[in-house]
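# Breakdown of the fold
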Amino acid sequence: MSADNSNTAPRGVIALPPGGGRRYEMGKLTALFKADEAETGAAYSVSEWILQPGQEGVGAHSHAANDEVFIVLEGTPELRVGDSWQSYETGAFLRIPAGVTHDFRNPSGHVARLLNLYIPGGFEREMPGIVAWFAKNP
């Protein structure tokens, strides 16, 4: 944050209904962005990821300068950290530090939902490219 507070976002309350947020559809995967850098002064982004049964993941990746936090809201998704996959039950918490390879998928027969915090914010800038990739690779 600069000394003149030019990066300070309005700190108003954000209240969304269930399923609310900026929606990105990617086949068996949906992202709902609840708060992003414009609303948080780039401190963090908050999104919900809805994985339909059989969703195979987004591909192993890492973020050089961003930590991620995942909380399982529903179902039993699998998350990859490093080279290993593990199932997580509803309510599980996972923090993935910057630079650590990770992925997520839903091999179950039921919907899975993850809450994601991306710290610092800005992940939403990547969404148009991610949506385009999924459109070309259904």
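Residues numbered from 1 in each chain as written. Predicted model: local features only at pLDDT ≥ 70, side-chain atom pairs only at ≥ 80, totals over all residues. Heavy atoms only, no water.

Among the nonpolar cores identified, the biggest contains 21 residues, and Met26, Trp49, Phe104, Leu114 and Met127 are the most heavily contacted of them. At the level of secondary structure, the elements contributing two or more residues to this core comprise β1 (22–26), β2 (29–35), β3 (45–51), β4 (67–74), β7 (93–96), β9 (112–119) and α2 (127–136). Not counting residues up to four positions away in its chain, the partners in contact with Met26 are Ala31, Trp49, Met127, Ile130, Val131 and Phe134. (Core = buried A, V, L, I, M, F, W, Y, C linked by side-chain atoms within 4.5 Å. Buried < 20%, exposed > 50% of the residue type's maximum accessible area, 1.4 Å probe, protein only. Helix = DSSP H or I, 4+ residues; strand = E, 2+ residues; numbered from the N terminus. Contact = heavy atoms within 4.5 Å.)

On β9, burial follows the alternation: Ala112, Leu114, Asn116 and Tyr118 on one face are buried, whereas Arg113, Leu115, Leu117 and Ile119 on the facing-out side are not. Inspection of the sheet shows β3 paired to β9 by seven bridges, in the antiparallel sense. Counterpart to Trp49 in the pairing with β9 is Leu114. Inspection of the sheet shows β4 paired to β9 by seven bridges, in the antiparallel sense. Residue pairing across strands places Val72 opposite Leu114, the latter belonging to β9. (Pairing = 2+ DSSP bridges.)

Attention now moves to the sheet that holds strand β5 (residues 78–81). Hydrogen bonds along the backbone pair up the strands of a sheet, which may run parallel or antiparallel. Strand order in the open sheet made by the three strands is β6-β5-β8, with antiparallel pairing throughout. Unpaired on one side and paired on the other, β6 (84–87) and β8 (102–105) mark the two borders of the sheet. Adjacent strand axes in the sheet meet at a mean angle of 20°, parallel and antiparallel pairs treated alike. (Axes fitted to C-alpha atoms, helices over the stretch in contact; angles between N-to-C directions.)

In this model, Ile119 is joined to Pro120 through a cis peptide bond whose omega is -10°. By the secondary structure assignment, Pro120 is in the loop between β9 and α2. Unlike most non-glycine residues, Ala42 shows phi in positive territory, near 65°. Examined against the element boundaries, Ala42 turns out to sit in the loop between α1 (37–40) and β3. We classify Ala42 as partly exposed; its relative accessible area is 33%.

This next bit is on the pattern of salt bridges. Enumeration according to the criterion identifies 10 salt bridges in this entry. With a closest N to O distance of 2.6 Å, Glu48 and Arg113 form a salt bridge. With Glu48 in strand β3 and Arg113 in strand β9, this pair connects stretches of sequence that are 65 residues apart. What makes Arg113 partly exposed here is its relative accessible area of 24%. Here Glu74 and Arg113 are joined by a salt bridge, their closest N and O atoms 3.1 Å apart. Of the two residues, Glu74 is situated in strand β4 and Arg113 in strand β9; the sequence distance between them amounts to 39 residues. (Salt bridge = Lys/Arg side-chain N within 4 Å of Asp/Glu carboxyl O.)

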